[in-house]
Amino acid sequence: MPRGRSTFTKRQKEQARQQKARDKAERKSQNKQEKPEGSLDEFDEQREMREAAEAQAALFRIGSDEADDFAAPQDSKVDS
């Protein structure tokens, strides 16, 4: 019994969908295999960013201590 045109088109679409799913799964598995190498770079980058943030915070704290030193004598003059 011959199949109609719509059956052929549906079968072609389904085969294309399955092929896309296989390709996607293959890309996903490749990315998982490559990830351990890349994760070290991400870890190093995060560590560097954390160290830079800590250095900035230390500078901010030093600056705020100096600002408090200048503000203290002015406050005592206002109270007198």
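Our subject is the structure that appears above.
Here we take up the overall build of the protein chain. Within the protein chain, the regular secondary structure consists of one helix and zero strands. Counting across all 80 residues of the protein chain, residues that qualify as buried make up 0%. As presented, the protein chain carries roughly 7800 Å² of accessible surface, and 53% of it is formed by carbon and sulfur atoms.

Our focus in this paragraph is the pattern of salt bridges. Note on pairing: side chains with opposite charge can pair once their charged atoms come close. Following the criterion strictly, the structure yields three salt bridges and no others. Between Asp44 and Arg47 there is a salt bridge, with the nearest N and O atoms lying 3.9 Å from each other. Placement of both Asp44 and Arg47 in helix α1 (residues 5-79) is noted, with a separation of three residues, approximately one turn of the helix. For Asp44, a relative accessible area of 31% puts it in the partly exposed group. In this structure, Glu51 and Arg47 form a salt bridge, with 3.3 Å as the shortest nitrogen-oxygen distance. On the criterion of helical spacing, the pair formed by Glu51 and Arg47 is a turn pair, its members being four residues apart in helix α1. Its relative accessible area of 43% is what places Glu51 among the partly exposed residues.

On the surface, Asp41, Glu42, Glu45 and Glu48 cluster together into a patch of negative charge. By the secondary structure assignment, Glu45 is in helix α1.

Here the focus is a positive patch on the surface. A cluster of basic residues, Lys24, Arg27, Lys28, Lys32 and Lys35, forms a positive patch at the surface. Positionally, Lys24 belongs in helix α1.

Rules and cut-offs
- Residues numbered from 1 in each chain as written.
- Predicted model: local features only at pLDDT ≥ 70, side-chain atom pairs only at ≥ 80, totals over all residues.
- Heavy atoms only, no water.
- Helix = DSSP H or I, 4+ residues; strand = E, 2+ residues; numbered from the N terminus.
- Buried < 20%, exposed > 50% of the residue type's maximum accessible area, 1.4 Å probe, protein only.
- Areas by Shrake-Rupley, 256 points an atom, 1.4 Å probe, with all protein chains shown as cover.
- Salt bridge = Lys/Arg side-chain N within 4 Å of Asp/Glu carboxyl O.
- Patch = residues over 30% accessible without salt bridge, like charges linked within 9 Å, V, L, I, M, F, W, Y side chains within 5 Å.
- Lys, Arg positive; Asp, Glu negative; His and termini not counted.
- Charge placed at Lys NZ, Arg CZ, Asp CG, Glu CD.

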